[in-house]
Amino acid sequence: EAKKLGRNRFQFFQASMQLDTTTRLALMNDLREAIAQQQFELYYQPIINLDTQEILKAEALIRWNHPANGLINPSEFIALAEETGLIEEIGAWVFHQVLHDIKHIHAQYSPDFQVSVNVSPKQFIRPERLLAWKTAIVNAGVAGRHICIEITEGLLLQPSLSVVNTISALRDFGIQFSIDDFGTGYSALAYLNKFDIEYVKIDRSFTHNLQANNQDAILCEAITSMAHKLGMTVVAEGIETEAQARMLSSFECDYGQGYLISKPKSFADFMQFLFEHQKM
Ligand code: C2E
Ligand code: MG
Ligand code: MG
Ligand code: MG
């Protein structure tokens, strides 16, 4: 029963940001505790080259191992973390963990492997912490190109000078950038391209309903073709069926991610998946 109540609390939060003060405070305390007690875990989802079937990329996705409520997905706590500023601490933990895991992947699987990290717009407000990643990367003995930062188009809509400078400094260091959930906002690819973005990730709401010649198919093909003309690489999110993978492949979409290839997995299970995939 307590478990159920806990769950409801999170779902309630997700549904409405206008929480009563008590619930809000309780949630904030839980989240602070989570940071102090290291209750977070990174799951990994492979990103496959749709042409060669090679896997040299993955996205890191945070999970919260709540002592009473079990595994909690980011959709249930990232918004609160952003609103309270706790996202800075969480973001720093994510990055630290990613570097730790990349070293392992490089040693055990491939030295060319790249991990994508989701970064909230709020993390750009005080860019010193993001800029400090450069030193951490060097100290970890990996290179900028082994990290890809996923941002949403909202960050680039009316970017402050600080956002522009931070992205450009990280780009100069070799870190790549990806526009996540592309198609759900209102920006044009040509506009986004002026920030020297490497990848565009087509949102899963478009891959979900792909049918030959339907509107989403036309959209996916058009995004891919335009991205290529602008020198960008395309990743399709949320691929669940062979038919979707084949269709995206026929549009010359470069990479795919989704349950068809693998659900996000704990690091140990993900490594196991990589080794098995390699044998195929
Ligand atoms: P996202 O970056 O767009 O990540 C993709 C989401 O789609 C993930 O949800 C993933 O589990 C899910 N997904 C992948 N393949 C499929 C599929 O084939 N079908 C369906 N239905 N879903 C699929 P998840 O892990 O719950 O993450 C949700 C969002 O939370 C992420 O969306 C990202 O915006 C945010 N997030 C995750 N980790 C972090 C983090 O470390 N920091 C920040 N700031 N945000 C994060
Ligand atoms: Mg993402
Ligand atoms: Mg995404
Ligand atoms: Mg998405």
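Coordinates for the structure precede this section.
Every value quoted in this text rests on a predicted model; they were computed, and no experiment measured them.

Attention now goes to the coordination of the magnesium ion (ligand 2). Geometry reference: four tetrahedral donors at a metal, ideal angle 109.5 degrees. Six octahedral donors, ideal angles 90 or 180 degrees. The protein atoms donating to the magnesium ion (ligand 2) are Glu59 (OE), Asn118 (OD1), Glu150 (OE) and Asp180 (OD), with metal-donor distances spanning 1.9 to 2.2 Å. Coordination of the magnesium ion (ligand 2) draws on donor residues from a single chain, spaced E-x58-N-x31-E-x29-D in sequence. The metal-metal distance between the magnesium ion (ligand 2) and the magnesium ion (ligand 3) is 3.6 Å, with Asp180 serving as a donor to both. One end of the pair, Glu150, is in strand β5 (residues 147-152); the other, Asp180, is in strand β6 (residues 176-182), and 30 residues separate them in sequence.

We now examine the coordination of the magnesium ion (ligand 4). Every protein donor of the magnesium ion (ligand 4) is accounted for by Asp181 (OD), Asp203 (OD) and Glu237 (OE), and the metal-donor separations fall at 2.1 to 2.6 Å. By relative accessible area, Asp203 is classed as buried at 10%.

Take the site of ligand 1 next. Around ligand 1 lies a shell of 22 residues, among which Arg63, Asp180, Arg204, Glu240 and Tyr259 are the nearest. The side chain of Glu59 places a nitrogen or oxygen atom 2.9 Å from an oxygen atom of ligand 1. Coverage of ligand 1 by the protein amounts to 84% of the 810 Å² it exposes when considered alone. For the shell around ligand 1, the secondary structure elements donating two or more residues are β2 (55-66), α4 (87-108) and β6. The element that contributes the greatest number of residues to the shell around ligand 1 is β2, accounting for 4 residues. Residues belonging to the shell around ligand 1 are distributed by class as follows: 9 nonpolar, 5 polar and 8 charged.

The next thing to look at is the packing of α4 against helix α13 (residues 267-279). Packing of α4 against α13 leaves a shortest axis separation of 12 Å and a crossing angle of 25 degrees. The orientation of α4 with respect to α13, classified from their angle, is roughly parallel. Our pair here, α4 against α13, has a crossing hand that is right-handed. For the pair formed by α4 and α13, the contact residues are Asp101, His104, Ile105 and Gln108 on the first element and Phe267, Phe270, Met271, Leu274 and Phe275 on the second. For the contact of α4 with α13, the per-class residue count stands at 6 nonpolar, 2 polar and 1 charged.

Rules and cut-offs
Residues numbered from 1 in each chain as written. Chains lettered and ligands numbered in written order. Predicted model: local features only at pLDDT ≥ 70, side-chain atom pairs only at ≥ 80, totals over all residues. Heavy atoms only, no water. Donors = N, O, S within 2.8 Å, 3.2 Å for Na, K, Ca; no water. Helix = DSSP H or I, 4+ residues; strand = E, 2+ residues; numbered from the N terminus. Buried < 20%, exposed > 50% of the residue type's maximum accessible area, 1.4 Å probe, protein only. Near = heavy atom within 4 Å. Polar contact = N/O pair within 3.5 Å; in protein donor to acceptor, adjacent residues only side chain to side chain. Areas by Shrake-Rupley, 256 points an atom, 1.4 Å probe, with all protein chains shown as cover. Nonpolar A, V, L, I, M, F, W, Y, C, P; charged D, E, K, R; others polar. Axes fitted to C-alpha atoms, helices over the stretch in contact; angles between N-to-C directions. Parallel < 35°, antiparallel > 145°, perpendicular 65-115°, else oblique. Left-handed = near helix turned anticlockwise from the far one by under 90°. Contact = heavy atoms within 4.5 Å.

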